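# Examination of the molecular architecture
Given next are the chains, with one letter for each unit.
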Amino acid sequence: QVQLVESGGGLVQAGGSLRLSCAASGLTVRSYAMGWFRQAPGKERERVATHVGWNTIAYADSVKGRFTISRDNAKNTVYLQMNSLTPEDTAVYYCAATQTNWDTVQYWGQGTRVTVSS
């Protein structure tokens, strides 16, 4: 049974930082494209950062230069380091895994809430 378990969300002031973790079981993160998505209240889910293959990384324009995705194969965990947070980053953040494409995500985590106060 595959599980993606996110942690690390919380309440932070604008300008602060958080690191989200996605611990995977039942799959090997290096064998999947791993990504972070977010969904803010009243908005559609947005792809934030992806890590594909050995080291192909992509970010949404809104987070470039502030967020960093990384993968620890030994811990089978994916991280999202978020710096210089703004209230616009407030959302539920989801970890995702796929072996096809991002329109067909095979596994989702349960989400972790990030709230950035001004």
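Predicted model, so just to flag it, every value in this text is computed and none were measured. (Residues numbered from 1 in each chain as written. Predicted model: local features only at pLDDT ≥ 70, side-chain atom pairs only at ≥ 80, totals over all residues. Heavy atoms only, no water.)

The next point concerns the packing of aromatic side chains. Following the criterion strictly, the structure yields 4 aromatic pairs and no others. Pairwise contacts between aromatic rings join Phe37, Tyr94, Trp102 and Trp108 into one cluster. Lying across the ring of Tyr94, Arg45 places its NZ or CZ 4.1 Å from the centre. The side chain of Arg45 reaches across the aromatic face of Trp108, ending 4.2 Å from its centre. (Phe/Tyr/Trp six-rings, centres within 6.5 Å; stacked < 30°, edge-to-face > 60°. Lys NZ or Arg CZ within 6 Å of the ring centre and 35° of its normal.)

Another aspect to go through is the side chain of Arg71. With respect to the secondary-structure elements, Arg71 resides in strand 7 (residues 67-72). Here Arg71 is buried and forms no salt bridge, its nearest opposite-charge partner Asp72 lying at an N-O distance of 8.3 Å. In this structure the side chain of Arg71 is engaged in a polar contact, spanning 3.5 Å, whose partner is the side chain of His51. At 2.9 Å, the side chain of Arg71 and the backbone oxygen of Gly53 are in polar contact. Every residue in contact with Arg71, bar those within four places of it in the chain, is listed here: Val29, Arg30, His51, Gly53, Trp54, Thr77 and Val78. (Helix = DSSP H or I, 4+ residues; strand = E, 2+ residues; numbered from the N terminus. Buried < 20%, exposed > 50% of the residue type's maximum accessible area, 1.4 Å probe, protein only. Lys, Arg positive; Asp, Glu negative; His and termini not counted. Salt bridge = Lys/Arg side-chain N within 4 Å of Asp/Glu carboxyl O. Polar contact = N/O pair within 3.5 Å; in protein donor to acceptor, adjacent residues only side chain to side chain. Contact = heavy atoms within 4.5 Å.)

The next subject is the sheet that holds strand 7. Strand order in the open sheet formed by 4 strands is 1-3-8-7, and the pairing between neighbours is antiparallel. Each edge of the open sheet is held by one strand with a lone partner, namely strand 1 (3-7) and strand 7. Averaged over neighbouring strand pairs, the angle between their axes works out to 15° when direction is ignored. (Pairing = 2+ DSSP bridges. Axes fitted to C-alpha atoms, helices over the stretch in contact; angles between N-to-C directions.)

Before going further, it helps to spend a moment on the nonpolar core. Residues Leu4, Met34, Trp36, Phe67, Leu80, Met82 and Tyr93 are the most contacted members of the largest nonpolar core, which totals 28 residues. Within the residue set of this core, elements represented by two or more residues are strand 3 (18-25), strand 4 (33-39), strand 5 (46-52), strand 7, strand 8 (77-82), strand 9 (91-98) and strand 11 (112-117). Setting aside residues no more than four positions away along its own chain, Met34 makes contact with Leu4, Cys22, Val29, Ala49, Thr50, His51, Ile69, Val78, Cys95, Ala96, Ala97 and Trp102. (Core = buried A, V, L, I, M, F, W, Y, C linked by side-chain atoms within 4.5 Å.)

Attention now goes to the side chain of Arg38. Turning to its location among the elements, Arg38 is positioned in strand 4. For Arg38, a relative accessible area of 7% puts it in the buried group. Sequence-distant contacts of Arg38, defined by excluding residues within four places in its chain, comprise Glu44, Arg45, Glu46, Val48, Ser62, Val63, Phe67, Glu88, Asp89, Ala91, Val92 and Tyr93.

As a further point, take the environment of Val52. Relative to the assigned elements, Val52 resides in strand 5. Taking the relative accessible area as the measure of exposure, Val52 reaches 32% and is therefore partly exposed. C-alpha of Val52 to C-alpha of Thr112: the two residues are 60 residues apart in sequence and 22 Å apart in space. Among residues more than four places away in sequence, those in contact with Val52 are Ala33 and Trp102.

Another aspect to go through is the state of the cysteines. For the structure on display, the rule yields 1 disulfide. Through a disulfide, Cys22 is tied to Cys95; the S-S separation comes to 2.1 Å. Looking down the S-S bond of the Cys22 and Cys95 bridge, the torsion is -75°, so its handedness is left-handed. With Cys22 in strand 3 and Cys95 in strand 9, the pair connects residues that are 73 residues apart, well separated along the chain. Cys22 gets classed as buried once you look at its relative accessible area, which sits at 0%. (Disulfide = S-S within 2.5 Å.)

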